[in-house]
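# Close look at the chain arrangement
For reference, the chains in residue letters:
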Amino acid sequence: MSLDPTSVAGGVGQSHIRRDADDKVTGAATYPGDRVPVDALHAVVVFTAQPHARLVSLDVAPAEAVDGVVTVVTAADVPVNEYGLTMFDQPVLIGLDDTGRSDVRCDVSRWEADHLAIVIAHTRAAAEEGAAALAVEWEPLPLVPDVESARRDLVLVHAETAPSNTYYEMAITKGDIEAGWAAADVVIEGRYELPHQEHAYLQVEAGTAWIDDEGRVTVETSGQWTHEDREQIAHALDLPEDRVRVIYATIGGAFGGKEDMSLQIVLALAARKLADLGISRPVHCRWSREESIVGHHKRHRATIEARLGATRDGRITAVEADVWLDAGAYNYTSNKVLGNAHLSVAGAYEVPNARIDSRAVYTHSVPGGAFRGFGGPQGAFVAETQMNKLAEVLGMDPIELRRRNMLREGSIGITQEPLPPGVGLPEVIEACAERAPTDGPRQPVPPFRSVASLPTGVDDPAIVRGRGFAAGMKNVGFSFGFPERCEAEIHFHGDAGDDRPTSVDVFHGGAEVGQGNHAAILQMTADIAGVDVDRVRGHFSDTAVSGDSGSASASRLTFMAGNSVLGAAEEAEKAWRDGARPAIGAFRYVPPPTETLDPETGAGQPNFSYGYMAQVVDVSVDTLTGHIRVDRVVSAHDVGRAINPELVKGQIEGAVVQAHGYVLSEHLVVDEGRIRNPRLSQYLIPGIGDVPTEVESVILELGDPIGPWGARGVAEMPYITYAPAVIAAVHDATGVWFDTFPLTPSRVLAGLRDGAADPL
Amino acid sequence: MRYAAPTTVDEAVGLLAADADARVFAGATDLIPQIRSGRPEPSVLVDLKRIDRLVGVGESGGTWTVGAATPTSTLTADEAFTGAFPGLSEASGLIGSDQIQNRSSWGGNLCNASPAADSVPALVANAVRAVVAGSNGERTVPVEEIVTGPGQTSLADDEFVVEFQVDTPPAHTADAYLRLIPRTEMDIAVVGAAVRLTMDGGTCTAATVALGAVAPTVVRVPDAEAALVGSTLDDATLEAVAAAASAACNPIDDKRGTIEYRRQVAGVLAKRAATIAAERANA
């Protein structure tokens, strides 16, 4: 078969227009909230609205008496009343009736968005009326709204299962920390407060459930990993996994926010209950924006204290850090996110001596969980800001400081193991240095939309400019010994005498969350099969037909799916040569194993691949109003191989915009366990007029030795360095370090007045 | 909720007079979100856009007339109007977003009575008059007399604003409007500042300064106006303008900005708006 990519239309390396583009641009694509069967019943999920309270009584009769209400699902209907992605610590429904098959106490609400009941009715309005009619009585319990109060352990969030709210800890001890401080000429010390962030995907949680022709409880929704959704549903409903089917409709963004369960289990319960009642109708549920913001996890709020020691010539001698993540009421993926924050707080540098202690802490706040970067943004913000402060104190070019410490081929990482081969960090740093050197000229760049507080066309002396730099790395794939895998199945079609297939089917579970994963899978399949991409049919994200792909997360899917496609194609090729028509190949790719880290020292190999990135950001700061504009971004990445260069650029620009909101405008107000601004009119994500005018994507293809076609991952990397680069640029412009953000105009002006940032 | 689309002013007044819970609307860009967020539903929604007088912009005999329901995108696209009132046009173009501006109107922006309404400081700075219709006929009142507090107006239940009137500006007169929000669109003003100046050979001969979002209603700043008149807008004058604007504020403390922040930025924007208005008037 031909392996010459140039002979295949839409093969690897081509910016082929993705198949879903037209439908998404014209609005023809149907997202889960659009797909309401005509005979569907409507479900409303009732939140407890109690950050911490014990359920005293729940009477569903008034709700069931409402005209149009069909039934109400309660805890008594949940066979195994628990779920959780990495540990079962969350009840599906809060209730007094308990099947006794879970250790999780289910009569206590620990989060304002804990689910109390599912009201199913003929119309959405009737379901809402029924929800309002539920007779419920609560006994309020004392709150631990934040990490500071939770750490005292006077009130335990999970008294039965976690004897301390500080329920998960990790440690690193490397080298001789005292010797490290003794060798340091300079010590940088800081305390950083990192804010929550809301995913703000356009498509809010929605889905439809029914019993399919083969009797399977079927949920059509959006998510990031069909097979994990299926496993969670099967566990709670006490069904074999093959009696549950999960299908993804078109997904309008996820960013980690759809990695955990939202409507999956409740929709399955609703379908099951209707079936038990002999009602053969699908059930649909769609959250409002407010329900979505209140009802799903956030990027973790974090407090990080850090010390960095270095010699006068800029060699790092010691790193110390204490990390606290606010896990909120349930673990979600906090223990895994903590791992990433834990490693990334050391930076992408050779650190001879280190002590790092990291903890996840339960509170009665919104759970923290997966969000693009997965702990990396919090850790890297601190690592990079500490480095930029060090450069300032040493009077050294921040890029030169990185050159003297950066990880390179053969370097030993913070976990005392060599980095996986193919360390592209030096190259991405130099790519930035070349395009935007620290002392290079800053070109004024016209914004997309003029800032209405500024005189237009006037070069006002109140406007100061600055440039900032940050670099880093992010793992590709699951870490810490998780059984990482990805499956694919490929069918080559053609006649007996054909030299090569005339068409190809590829079956894959990988979630197309908007990033272009299906386009990448189709292009990789076309390339290896030697057929034009238009001859490749994709069958995606339906547990009835596609294998376990693992999650669309951890910047892993191109890498993992690509390797699974390569393996499946090799199998199919063997069958083809043996004369099978169709020639079918199925493959389960398993990457090199990773390890859990030593509990005392943190030693071990946590990851099998990394992506490397560096960024330069130019800002303008209005010193009289505090308004910040980002004029220019240079974002350099070793992506290994760009399967579709335009889609890689899309990931870079999208990540920059999302990180722009994180560092500049998005301010989630969480007070006494309640989100106070659950609307997009109050929680300000960037508009097109706010985003950087110029994002120069520098795509280096240095090749990962074990990546498919050399590909690594790119989804999270451009996000991670942006906040510290902006903070450094604002410091360059104003002389003030902001150790907390978002940099709202009000906070910036106060910071310029006081010479330091006000707390949140 | 009933929907009515009268085609005459009298018909609309009749609908309002007949039902105290009826409400008029133009673009409904405030009304619909208010209903969705739980405010009581009006009994009748009276759509004013079918009434000829309510939509349109033009000058006649030294007076500009703007229909109360005219989309603000019509105003910003009107070159003659924008040439005569650049600041009023800027303020109109800052309401909501590009999409919102195809529905938003001065009448709605004024009568929604938000302290942060973008068009209102510029309307006040230009001494715009509102023509109000009701059961007792029509009356003409200065716009600053319409809004009495957040969400409150001086209009009777059966009254609504039909159109706005404003005198064609004298020679060497121009206005400017600046507004601060944390992002560039789709947010509510933290501070808005409108300034209108008449210049004579580099000296200011008339000035109005009006601030939005810093008090329950739009605030005129007489001390800033007094500082401007007779000045050449030298640095000392501009500092006096800023100080007077800051002093005139009586803001709230909320998520969008602290009291201190609003005071300070009100001064900055007033000063900057005055500089722009003077440049335009001198041009």
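Because the structure is predicted, anything quoted here is derived from the model rather than measured.

## A short note on the interface of chain A and chain B
Think of interface size as the accessible area that goes away when the parts come together; that is how it is often given. Listed by partner, the interface residues are 29 residues for chain A and 25 residues for chain B. Between chain A and chain B lies a buried interface of about 2,300 Å² when both sides are counted; carbon and sulfur atoms form 54% of it. Three residues stand out in chain A for area buried against chain B, namely R449, A452 and L684 of chain A, and they jointly supply 23% of the buried area on that side. Summed over the shared surface of chain A and chain B, the number is three salt bridges.

## Quick word on unusual backbone geometry
Residue and element names in this part refer to chain A. Between R581 and P582 the backbone carries a cis peptide bond, its omega angle lying at -5°. Within the secondary structure layout, P582 lies in the loop between α14 (557-577) and β20 (583-589). In the segment running from F741 into P742, the intervening peptide bond is cis, with an omega of 10°. When you line up the elements, P742 lands in the loop between α17 (722-734) and α18 (745-754). At A49, a position not held by glycine, the phi torsion is positive, near 60°. Relative to the assigned elements, A49 resides in the loop between β1 (41-47) and β2 (53-59).

## Some thoughts on the domain arrangement of chain B
All names here are of chain B. Each assigned domain of chain B is listed here: domain 1 (2-48 + 60-167) and domain 2 (173-282). Between domain 1 and domain 2, the C-alpha centre-to-centre distance is 24 Å. The partner domain 2 presents 21 residues to the 24 residues of domain 1 that form the contact. Counting across the domain 1 and domain 2 interface gives two salt bridges. One can count 12 residue pairs in polar contact (both at pLDDT 80 or more) joining domain 1 with domain 2. Breaking the side of domain 1 that touches domain 2 down by element, the ones donating at least two residues are α5 (86-92), α7 (119-125) and β8 (147-149). Tallied by class, residues from the side of domain 1 that touches domain 2 come to 15 nonpolar, six polar and three charged.

## Here we look at the pairing of strand β17 (residues 486-493) of chain A
All names here are of chain A. Relative to β20, β17 runs antiparallel, the two sharing seven bridges. The partner of C486 across the bridge, within β20, is Y589. The pairing of β17 with strand β18 (residues 503-508) spans six bridges and is classified as antiparallel. Bridging from a neighbouring strand, A488 pairs with H508 of β18.

## As for the sheet that holds strand β7 (residues 137-142) of chain B
Residues and elements named next belong to chain B. Read from one edge of the open sheet, five strands run β4-β5-β10-β6-β7, paired in antiparallel fashion. Looking at which strands have only one partner, the edges of the open sheet turn out to be β4 (57-60) and β7. The sheet shows a mean angle of 25° between the axes of neighbouring strands, direction not considered. Relative to strand β5 (residues 63-67), β4 runs antiparallel, the two sharing four bridges. Note on β5: the bridge partner recorded for V57 is V66.

About the cut-offs
Residues numbered from 1 in each chain as written. Chains lettered and ligands numbered in written order. Predicted model: local features only at pLDDT ≥ 70, side-chain atom pairs only at ≥ 80, totals over all residues. Heavy atoms only, no water. Contact = heavy atoms within 4.5 Å. Buried area = accessible area lost by both parts, 1.4 Å probe. Salt bridge = Lys/Arg side-chain N within 4 Å of Asp/Glu carboxyl O. Helix = DSSP H or I, 4+ residues; strand = E, 2+ residues; numbered from the N terminus. Domains from an automatic or database assignment. Polar contact = N/O pair within 3.5 Å; in protein donor to acceptor, adjacent residues only side chain to side chain. Nonpolar A, V, L, I, M, F, W, Y, C, P; charged D, E, K, R; others polar. Pairing = 2+ DSSP bridges. Axes fitted to C-alpha atoms, helices over the stretch in contact; angles between N-to-C directions.

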